[in-house]
Every structure is written in C-alpha cells, then in structure tokens.
Amino acid sequence: MSVALLAPIPEEHLVSGIETLSHAGKVAFGSKSWEVFNKVDAILAGGECDVLIYVSDAVRPISPPTVTWSARYLGSSLAINGAHKDGMKYRPATTDNYPSDNKGHWVLFWEVDNLRRLQSPIKISQVRGFEKPQRYLTGFIPRGPMLIQAQDIA
C-alpha cells in the first residue's frame with residue numbers, strides 16, 4: 001500500500017509558491033506536525049509521493065471540502081531557530097508578511113515541486129487515511145497534514 005499526503009495550505013502561499021517554484025525549483029512550507037513527516041519520511045525512505053492540497057483560508061471556500069491543488073513531496077528538514085535552513089530561498093514570498101512564519105513558528109519545513117492547480121478537483125470525502133478502511137466524511141476538513149492512501153488519488 002502506498003502513501004500520499006493531504007495538507008491544508010493558505011491560498012496566498014500556494015499562489016506565491018508557484019513563483020518560488022519557477023525560480024528556485026521547489027517550494028518549502030512550514031509545519032509543526034513532525035510526527036506526520038517523520039512517518040512519511042520513514043515509509044518513503046528517501047522517495048517521493050503525491051500531495052493533495054486543500055486550500056485553507058480560501059477567498060471563496062468550496063463546499064463540500066475539496067482538494068484543488070497538488071504537488072510532489074520531496075522531503076522535510078528540521079527548522080533552524082524556526083527558519084528554513086536555506087532562509088527564504090524556497091519559501092513563498094507571502095510568508096514574509098507574517099513575522100513568526102520564518103523566525104520561530106515552525107518545527108520543520110516540507111518541500112515540494114510540481115505545485116499546480118488541479119484541472120478536476122477531488123472531494124476530500126473520496127480519500128481515506130493511510131491504512132484506514134473508510135473514506136473521510138463529506139464535511140471533513142483537514143486541520144493539518146495527514147497521511148492518505150495513494151491509490152485513492154490515482
């Protein structure tokens with residue numbers, strides 16, 4: 001059984017992340033969910049996986065909760081005094097609008113490439129948690145990154 005990630009990210013950081021990706025080749029998002037990323041990194045053993053992204057803080061929220069972006073997960077690294085090890089090189093420029101976002105707020109940073117809007121959105125109720133038998137409920141909204149079953153998104 002293969003793994004993927006489901007993660008909420010603010011819309012402004014996704015849009016800004018496209019620009020970061022175009023000049024830096026990847027984009028880094030912050031997280032405090034070290035358990036999730038430790039587990040996915042152990043499962044992948046240096047490999048990559050798909051990421052489904054639910055837009056948090058959307059200008060126009062979609063109901064029922066829907067994935068409208070995707071990316072390819074490349075790995076994670078521990079924050080250094082709350083900042084990415086390479087400073088702002090891989091961070092969306094919009095994160096600079098929030099003083100703590102790059103100076104102490106995050107435990108780690110997870111990096112992606114191939115960040116893009118989906119042509120066909122995916123309802124969150126169509127996917128299952130990793131190694132879980134049932135799909136998420138219709139109104140389920142992810143509050144942080146979580147592991148999901150990759151075959152549900154193929």
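(A) Geometry of the environment of glycine 17. Within the fold, glycine 17 resides in helix H1 (residues 11–24). The class for glycine 17 is buried, based on a relative accessible area of 0%. Separated by 112 residues in sequence, glycine 17 and glycine 129 place their C-alpha atoms 26 Å apart. Residues in contact with glycine 17, not counting those within four places in the same chain, are Val27, Pro92 and Leu115.

(B) The arrangement of helix H2 (residues 34–44) in detail. All of the buried residues in H2 are Val36, Phe37, Val40 and Leu44. The buried residues of H2 occupy one face: seen down the axis, they fall within an arc of 90 degrees. Elements that come into contact with the buried residues of H2 comprise strand E1 (3–10), strand E2 (27–31), strand E3 (49–56), strand E4 (66–78), strand E5 (108–123) and strand E6 (146–149). Of the residues trailing H2, alanine 45 is marked for its positive phi of about 50 degrees.

(C) Up close: the pattern of salt bridges. Taken as a whole and assessed by the stated rule, the structure comprises three salt bridges. Glutamate 48 is paired through a salt bridge with arginine 72; the nearest N and O atoms lie 3.7 Å apart. Placement of glutamate 48 in the loop between H2 and E3 and of arginine 72 in strand E4 is noted, with a sequence separation of 24 residues between them. Notably, a salt bridge pairs arginine 72 with aspartate 113, separated by 2.6 Å at the nearest N-O pair. Here aspartate 113 lies in strand E5 and arginine 72 lies in strand E4, a separation of 41 residues in the sequence. Owing to a relative accessible area of 32%, arginine 72 belongs among the partly exposed residues under this scheme. Taking the relative accessible area as the measure of exposure, aspartate 113 reaches 13% and is therefore buried. Where salt bridges share partners, they join Glu48, Arg72 and Asp113 into one cluster.

Criteria and thresholds
- Residues numbered from 1 in each chain as written.
- Predicted model: local features only at pLDDT ≥ 70, side-chain atom pairs only at ≥ 80, totals over all residues.
- Heavy atoms only, no water.
- Helix = DSSP H or I, 4+ residues; strand = E, 2+ residues; numbered from the N terminus.
- Buried < 20%, exposed > 50% of the residue type's maximum accessible area, 1.4 Å probe, protein only.
- Contact = heavy atoms within 4.5 Å.
- Arc of directions from axis to C-beta.
- Salt bridge = Lys/Arg side-chain N within 4 Å of Asp/Glu carboxyl O.

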